[in-house]
Amino acid sequence: GNSVTQMEGPVTLSEEAFLTINCTYTATGYPSLFWYVQYPGEGLQLLLKATKADDKGSNKGFEATYRKETTSFHLEKGSVQVSDSAVYFCALILNTGTASKLTFGTGTRLQVTL
Amino acid sequence: DTAVSQTPKYLVTQMGNDKSIKCEQNLGHDTMYWYKQDSKKFLKIMFSYNNKELIINETVPNRFSPKSPDKAHLNLHINSLELGDSAVYFCASRQQGSSYEQYFGPGTRLTVT
């Protein structure tokens, strides 16, 4: 089956530190990959995505590159801010038509302090 | 304008009761979903509807019954609530043939006492 593995959290960083959240996947096919972010008390928002190998998704200073050879989609940001504190979910989806569904990782909580 | 909305935002009820959660999207999407997020933040799909037809049913107890009166609405009715049903329930929608991006509602926190 399909699965997504994320690093355990929480991740605690000082403001302006470099962020990496690891994500690896297992899929029967060629998935599209996503990072979603959930701020406290809110629903999930799409942060970035990549649909094929070597694609780089980027948004709000965050980046992730679709690495087929290592089946990874690690999230990075060069300088985090307190406002980045949230739970980050890696997810994949395979194109199976109307039955396509997102498979999520367990989420990684990021806490950024001053 | 709210893209995906859910009501209520909070729901506290006793074991054995029956309750409903409503979801509406104004994005013109043809596919809607229900997800359950447990206390450890793990997200799992429950149901998916495409053009009012049930497409995905992820071995959810039959106490849970989704209903889609039209493409813009997907409601979730839960019978005989149990303590283990306490969670945050998220509705989402997307348009088939798009880039698979799903738009999520703000969630409904259900607490069963």
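Residues numbered from 1 in each chain as written. Chains lettered and ligands numbered in written order. Predicted model: local features only at pLDDT ≥ 70, side-chain atom pairs only at ≥ 80, totals over all residues. Heavy atoms only, no water.

1. Focus: the overall build of chain B
Of regular secondary structure, chain B possesses zero helices and 11 strands. For chain B, whose C-alpha radius of gyration is 13 Å, the value lies close to the compact-globule estimate of 13 Å for 113 residues. Dimensions along the principal axes, computed over C-alpha positions, put chain B at roughly 40 × 25 × 25 Å. Relative to its full complement of 113 residues, chain B shows a buried share of 46%. Excluding contacts between residues fewer than 6 apart, the proportion of contacts in chain B whose partners are at least 24 apart in sequence is 54%. Accessible surface, chain B: about 5,500 Å² in total, of which carbon and sulfur atoms supply 49%. Each charge class in chain B was averaged separately, 13 positive and 11 negative side chains, and the resulting centres sit 5 Å apart. (Helix = DSSP H or I, 4+ residues; strand = E, 2+ residues; numbered from the N terminus. Rg over C-alpha atoms; globule rule 2.2 N^0.38 Å. Buried < 20%, exposed > 50% of the residue type's maximum accessible area, 1.4 Å probe, protein only. Contact = heavy atoms within 4.5 Å. Areas by Shrake-Rupley, 256 points an atom, 1.4 Å probe, with all protein chains shown as cover. Lys, Arg positive; Asp, Glu negative; His and termini not counted. Charge placed at Lys NZ, Arg CZ, Asp CG, Glu CD.)

2. Concerning the pairing of strand β1 (residues 4-7) of chain B
Residue and element names in this part refer to chain B. Alternating positions in β1 separate cleanly, V4 and Q6 being buried on one face and S5 and T7 remaining unburied on the opposite face. As paired strands, β1 and strand β3 (residues 19-25) are joined by four bridges and run antiparallel to one another. From the neighbouring strand, V4 faces β3, where its bridge partner is Q25. (Pairing = 2+ DSSP bridges.)

3. What about the state of the cysteines?
Counted by the stated rule, this structure contains two disulfides over all chains. Disulfide partner of C23(A): C90(A), at an S-S distance of 2.0 Å. Since a negative S-S torsion denotes a left-handed disulfide, the C23(A)-C90(A) link at about -70° is left-handed. In this pair, C23(A) is assigned in strand β4 (residues 23-26) and C90(A) in strand β10 (residues 86-93), connecting sequence segments 67 residues apart. Accessibility classification places C23(A) together with C90(A) in one group, the buried group. One disulfide bridge connects C23(B) with C91(B), the sulfur atoms lying 1.9 Å from each other. (Disulfide = S-S within 2.5 Å.)

4. Quick word on the packing of aromatic side chains
Considering all chains together, one arrives at 11 aromatic pairs over all chains under this definition. Taken together, the ring pairs connect F34(A), Y36(A), F89(A), F104(A), Y33(B), Y35(B) and F104(B) into an aromatic cluster. (Phe/Tyr/Trp six-rings, centres within 6.5 Å; stacked < 30°, edge-to-face > 60°.)

5. Some details on the nonpolar core
All names here are of chain A. If you look at the biggest cluster of nonpolar residues, it comprises 26 residues, and the most contacted ones within it are L19, W35, L47, L48, F73, L75 and Y88. Counting residues per element, the ones that place at least two in this core are β2 (11-14), β3 (19-21), β4, β5 (32-38), β6 (44-50), β8 (62-65), β10 and β12 (108-113). Among all residues touching L47, those that are not within four sequence positions of it are W35, Y36, V37, N59, K60, F62, L75 and Y88. (Core = buried A, V, L, I, M, F, W, Y, C linked by side-chain atoms within 4.5 Å.)

6. A word on the sheet that holds β1(B)
Residue and element names in this part refer to chain B. Spatially, β1-β3-β8-β7 is the arrangement adopted by the four strands of the open sheet, whose pairing is antiparallel. Two strands lie at the open edges of the sheet, namely β1 and β7 (64-70), each paired on one side alone. Recorded for the sheet is a direction-independent mean angle of 20° between the axes of neighbouring strands. (Axes fitted to C-alpha atoms, helices over the stretch in contact; angles between N-to-C directions.)

7. Re the sheet that holds strand β9 (residues 75-77) of chain A
All names here are of chain A. Reading across the sheet, the four strands line up as β3-β9-β8-β7 and stay open at both edges, with antiparallel pairing between neighbours. Both outer strands of the open sheet, β3 and β7 (56-59), are each paired with one neighbouring strand and no more. With direction set aside, neighbouring strand axes in the sheet form an average angle of 15°. Bridge analysis of β7 against β8 gives four bridges, and the strand direction is antiparallel. Within the sheet, the bridge partner assigned to K56 lies in β8 and is T65.

8. Examining the pattern of salt bridges
One pass over the full model with this rule turns up seven salt bridges over all chains. One salt bridge connects D55(A) with K52(A), and the closest N-O pair in it is separated by 3.3 Å. Put simply, D85(B) and R63(B) hold a salt bridge, and the shortest N to O gap is 2.8 Å. Residue D85(B) is located in the loop between β8 (73-78) and β9 (87-94), and its partner R63(B) is located in the loop between β6 (53-57) and β7; the two are separated by 22 residues in the primary sequence. A relative accessible area of 14% means that R63(B) is categorised as buried. Connected through salt bridges with shared partners, the residues K101(A), K44(B) and E58(B) form a single ionic network. (Salt bridge = Lys/Arg side-chain N within 4 Å of Asp/Glu carboxyl O.)

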